[in-house]
Amino acid sequence: MPDATSASTPSSRRRYRFRQYHVTAVVDPMTLPTVEAVCVTGEDHDCGATSGAVHAEDELIRWIADHCARTGHVFYRRTTRTTLRAEPGAWH
């Protein structure tokens, strides 16, 4: 609902008040998490080679082992992604 004190201001400057409620983020059990590795070995800049998103940890480790064997690179940044579902709680 618009704030009464800002009713005469331009629409880009209006303020709105909302009741507060708690939101819980829950991992969606219907989706698989993905993992990805990026090679960050390098002195001046990172190698930047990437495994791409995979669903199995074994696939990720296989890619790292292969890249390490071919290049001698030993530093990697791992990213894990999961899909979350927001569950709004009670209004306050």
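That block above? That's the structure.
A. Inspection of the overall build of the chain at higher detail. Check the secondary structure of the chain and you find one helix and four strands. Mapped in sequence order, the helices and strands of the chain form the string β-β-α-β-β. With 92 residues in all, the chain has 17% of them scored as buried. Within the chain, contacts between residues at least 6 apart in sequence are counted, and of these 56% link residues at least 24 apart. A total accessible area of about 7,400 Å² is found for the chain, and carbon and sulfur atoms account for 55% of it.

B. How the structure looks around the pairing of strand β2 (residues 34–39). In terms of burial, β2 is largely enclosed, as five of its six residues are buried. Relative to strand β3 (residues 76–81), β2 runs antiparallel, the two being bridged by six bridges. Bridge assignment links T34 to a residue of β3, and that residue is R81.

C. How the structure looks around the side chain of T34. Looking at where T34 falls in the secondary structure, it is placed in strand β2. A relative accessible area of 16% places T34 in the buried class. Once residues within four sequence positions are removed from consideration, T34 is found in contact with A53, V54, H55, T79, T80 and R81.

D. The arrangement of the packing of aromatic side chains in detail. One pass over the full model with this rule turns up one aromatic pair. Measuring from centroid to centroid gives 6.0 Å for W63 and Y76, while their planes differ by 80°, and the two rings are edge-to-face. Pair noted here: W63 is in helix α1 (residues 57–71) and Y76 is in strand β3, with a separation of 13 residues, a long-range link. For W63, a relative accessible area of 18% corresponds to the buried category.

E. Fine view of the pattern of salt bridges. One pass over the structure, following the stated rule, counts four salt bridges. R81 is paired through a salt bridge with E36; the nearest N and O atoms lie 3.2 Å apart. Within this pair, whereas R81 is found in strand β3, its partner E36 is found in strand β2, the two being separated by 45 residues in sequence. We classify E36 as buried; its relative accessible area is 18%.

F. The side chain of D28, seen in detail. You can see D28 is positioned in the loop between β1 (21–27) and β2. It turns out D28 is buried and unbridged, and the closest side chain with the opposite charge, R85, is 4.0 Å from it. A distance of 3.0 Å separates a polar side-chain atom of D28 from the backbone nitrogen of M30. Not counting the four nearest positions on each side in its chain, D28 is found in contact with T83, L84 and R85.

The rules behind the values
- Residues numbered from 1 in each chain as written.
- Predicted model: local features only at pLDDT ≥ 70, side-chain atom pairs only at ≥ 80, totals over all residues.
- Heavy atoms only, no water.
- Helix = DSSP H or I, 4+ residues; strand = E, 2+ residues; numbered from the N terminus.
- Buried < 20%, exposed > 50% of the residue type's maximum accessible area, 1.4 Å probe, protein only.
- Contact = heavy atoms within 4.5 Å.
- Areas by Shrake-Rupley, 256 points an atom, 1.4 Å probe, with all protein chains shown as cover.
- Pairing = 2+ DSSP bridges.
- Phe/Tyr/Trp six-rings, centres within 6.5 Å; stacked < 30°, edge-to-face > 60°.
- Salt bridge = Lys/Arg side-chain N within 4 Å of Asp/Glu carboxyl O.
- Lys, Arg positive; Asp, Glu negative; His and termini not counted.
- Polar contact = N/O pair within 3.5 Å; in protein donor to acceptor, adjacent residues only side chain to side chain.

By themselves these figures say nothing about function.
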